Amino acid sequence: MGKYLNSRVPYESFKSIAESRYFVDKSSLLRELFPAVGLEERFFCITRPRRFGKSVMANMTAAFFSRAVKAERLFAGLAAADDVNYQKHLNKHNVISIDFSRIPKECTDYAGYIGRIEEGISRDLAEAYPQCSLQEDEAVWDNLSEIFEETGQKFIFVIDEWDAPFHMSFVTNENRKQYLMFLKSLLKGQAYVELAYMTGVLPIAKYSSGSELNSFLEYDMAKSIRFGAYFGFLDAEVDQLYEKYMLNAEAAGFQAAVSREALAQWYDGYYSASGEKLYNPRSVVYALTNNQLGNYWTSSGPYDEIFYYIKNNTQEIRDDLVWMVSGAGVEGRMLGYAATAAELNTKDQIYSAMAVYGLLTYEKESGRFFIPNKELMDQFDEMLLSNESLGYVNRLAKASEEMLKATLLGDTQKMAEILKYAHDTESPIFSYNNENELAAVVNLVYLAARDKYRIEREDKAGEGYVDFIFYPQRHEAECIILELKVNALPQEALRQIKDRKYALRFKGKLGERQKYTGRILAVGISYNKKTKEHFCKVETL
């Protein structure tokens, strides 16, 4: 066993996950790898956003194939054990595991970074094959070829965070080309490679035909159906985890503070290429473990990260942001290699890169980009409130604090003034050709309300679907039901709220409030296309 060759680290890492309370068995992925071992199409590159289980799957793959640690007890109850090739491959291979995100101490240049990896692999090989004529100053691939020639033994390569050098400040563009050539020399066309399993965020960067790793089959989340179910949690899998969570709460005697509905609102919404919705797995596990919803995926200052992608084209993109924060999708083309571009300027480039990094999701069927869930939506909201370069969007987001205050006070004049201010901006969105456009404006002018409310659009209530329902985070706070009308009076909106009994959404079957104790406000907002006036009315139900 060595640092890279047949290391026990992947086994221990996967074991800690597999034995945890909220583990989801994705070992069926191995069943797709078994038939590829030793064949021509044995090179896999699977790319996913951060925190989508890439490292877990890489560690699982290495732990299963490697001779490092007998793993039969670990895999015995998992789905892979049902495959006819299970025993044929379990701990039967030499595995070289490389995590390219690991940096040597005080590393300041690419030579020191890649040199540590080369020297480490060569040292492991020399210790494992003392009978072979290996030279310390030879390239790693030459020593591997020598071992294969003398012993006939082959190797499986499991590479995690393959794209890490593209994010390191000391790695130059020339270094990146050298790095791709390193991977090509190590893997492409080498008879000693039994299987190469590689993961990362970025697709393989094609800098030139000479460094292209065209032996790899690439699988991303937006366009590739294969492997789609192994990264991210499906609805049924989250159902199972939630059942464990509730049983654990009962056994441990604590109150379950996370609802199943809230898990979907916060962490669901990513689309696989087959059209299935996926949950962010890290966030789901952390929310259940901590018994608390929160932002577990994005890093510190995530709204700055979002702004990084759009800063070169705020004039064109800010209109789209209005639609996206309202929950609507924006049409575009998914460009797989956009994330590797030095500059992102067009909308398709920007949205594609954001989807690659998990800040947006792409629905293949509709050809639209979406903000996937509340966890990300909160970060977009914060960006709109924080960046003045977004112009009218930022100004209206700031005005949204006054809009909520005016609504709760019943100050309909102030509400109408803010809506007029929104309509009079330079955005073509606010032409109010239909209620959807009016709804987008309402989302923006109530943006700040999301700190205190969960706002649902077209929610089922009473005897129909209401335009907006504001569910307060505090049970004693005011509940808000908001209905929109174009070329009609706000009184008609209020009449519809009453006639269709939308307030039942906050009440029990016999009229007793089950969850909310605050007053219920009915809010009607209308717009007259001819006079270009807004009218508002607020009543307590």
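Residues numbered from 1 in each chain as written. Predicted model: local features only at pLDDT ≥ 70, side-chain atom pairs only at ≥ 80, totals over all residues. Heavy atoms only, no water.

Asker: Hey, could you run me through a negative patch on the surface in this one?
Answerer: A grouping of Glu136, Asp137, Glu138 and Asp142 is seen on the molecular surface, where their side chains present a negatively charged patch. Structurally, aspartate 137 is set in the loop between helix 6 (110-128) and helix 7 (140-151). (Patch = residues over 30% accessible without salt bridge, like charges linked within 9 Å, V, L, I, M, F, W, Y side chains within 5 Å. Areas by Shrake-Rupley, 256 points an atom, 1.4 Å probe, with all protein chains shown as cover. Salt bridge = Lys/Arg side-chain N within 4 Å of Asp/Glu carboxyl O. Lys, Arg positive; Asp, Glu negative; His and termini not counted. Charge placed at Lys NZ, Arg CZ, Asp CG, Glu CD. Helix = DSSP H or I, 4+ residues; strand = E, 2+ residues; numbered from the N terminus.)

Asker: Looking at this model, I keep getting lost on the state of the cysteines. Mind explaining?
Answerer: Chemically, a disulfide is nothing more than a covalent bond linking the sulfur atoms of two cysteines. For the structure on display, the rule yields zero disulfides. In this model cysteine 536 remains outside any disulfide bridge; the closest cysteine sulfur is found in cysteine 479, 20 Å from its own. Residue cysteine 536 is classed as buried on the basis of its relative accessible area of 12%. (Disulfide = S-S within 2.5 Å. Buried < 20%, exposed > 50% of the residue type's maximum accessible area, 1.4 Å probe, protein only.)

Asker: I would appreciate a short explanation of the confidence of the model for the chain in the present structure.
Answerer: In low-pLDDT segments, the atomic positions of the prediction should not be examined closely. Mean pLDDT over the chain: 88, with 92% of residues reaching 70 or higher. The low-confidence segment residues 509-513 (pLDDT under 50) makes seven contacts with residues lying over four places distant or belonging to another chain. (pLDDT = per-residue confidence, 0-100. Contact = heavy atoms within 4.5 Å.)

Asker: Sorry, what's going on with the side chain of asparagine 175 here?
Answerer: Secondary-structure assignment places asparagine 175 in helix 8 (residues 173-187). With relative accessibility at 14%, the residue asparagine 175 sits in the buried group. Not counting residues within four places of it along the chain, the set of residues in contact with asparagine 175 comprises Tyr110 and Phe170.

Asker: Just checking my understanding: could you explain the packing of aromatic side chains for this structure?
Answerer: Two measures describe an aromatic ring pair: the distance that separates the ring centres and the angle between the ring planes. Counted under the stated rule, the structure contains 33 aromatic pairs. With centroids separated by 5.1 Å and ring planes inclined at 85 degrees, the aromatic side chains of tyrosine 308 and tyrosine 309 adopt a geometry described as edge-to-face. Relative accessible area serves as the criterion here: at 47%, tyrosine 308 is assigned to the partly exposed category. The exposure class of tyrosine 309 is buried, given its relative accessible area of 8%. Grouping aromatic residues by their ring pairs yields a cluster made of Phe14, Phe23, Phe34, Phe64, Phe65, Phe75 and Tyr86. Cation over ring: arginine 282 sits above tyrosine 286, and NZ or CZ is 4.5 Å from the ring centre. In this structure, arginine 454 packs its charged tip against the face of tyrosine 471, placed 4.3 Å from the ring centre. (Phe/Tyr/Trp six-rings, centres within 6.5 Å; stacked < 30°, edge-to-face > 60°. Lys NZ or Arg CZ within 6 Å of the ring centre and 35° of its normal.)

Asker: Help me understand the packing of helix 7 against helix 8 in this model?
Answerer: Geometry of a packed helix pair, given as the angle between the helix axes and the separation of the axes. Close contact between helix 7 and helix 8 brings their axes to 9 Å; oriented N to C, the two are set at 5 degrees. If you check the angle between helix 7 and helix 8, you find them roughly parallel. When helix 7 is examined against helix 8, the residues Val140, Trp141 and Leu144 are found in contact with a partner set consisting of Phe182, Ser185 and Leu186. Class assignment for the residues of the contact of helix 7 with helix 8 results in five nonpolar, one polar and no charged. (Axes fitted to C-alpha atoms, helices over the stretch in contact; angles between N-to-C directions. Parallel < 35°, antiparallel > 145°, perpendicular 65-115°, else oblique. Nonpolar A, V, L, I, M, F, W, Y, C, P; charged D, E, K, R; others polar.)

Asker: Please clarify how the pattern of salt bridges should be interpreted in this entry.
Answerer: Two side chains bearing opposite charge may form a pair once their charged atoms approach each other closely. Applying the stated criterion to the full structure yields 21 salt bridges. Here aspartate 83 and arginine 31 are joined by a salt bridge, their closest N and O atoms 3.3 Å apart. Of this pair, aspartate 83 sits in the loop between helix 4 (72-75) and helix 5 (86-89) while arginine 31 is found in helix 2 (residues 28-33), placing the two residues 52 residues apart along the sequence. A salt bridge links lysine 374 to aspartate 378; its shortest N-O distance comes to 3.1 Å. Of the two residues, lysine 374 and aspartate 378 both sit in helix 15 (residues 374-386), four residues apart, roughly one turn of that helix. A relative accessible area of 22% places aspartate 378 in the partly exposed class. Bridged by salt links that share partners, the residues Asp235, Asp239 and Arg260 form one connected network.

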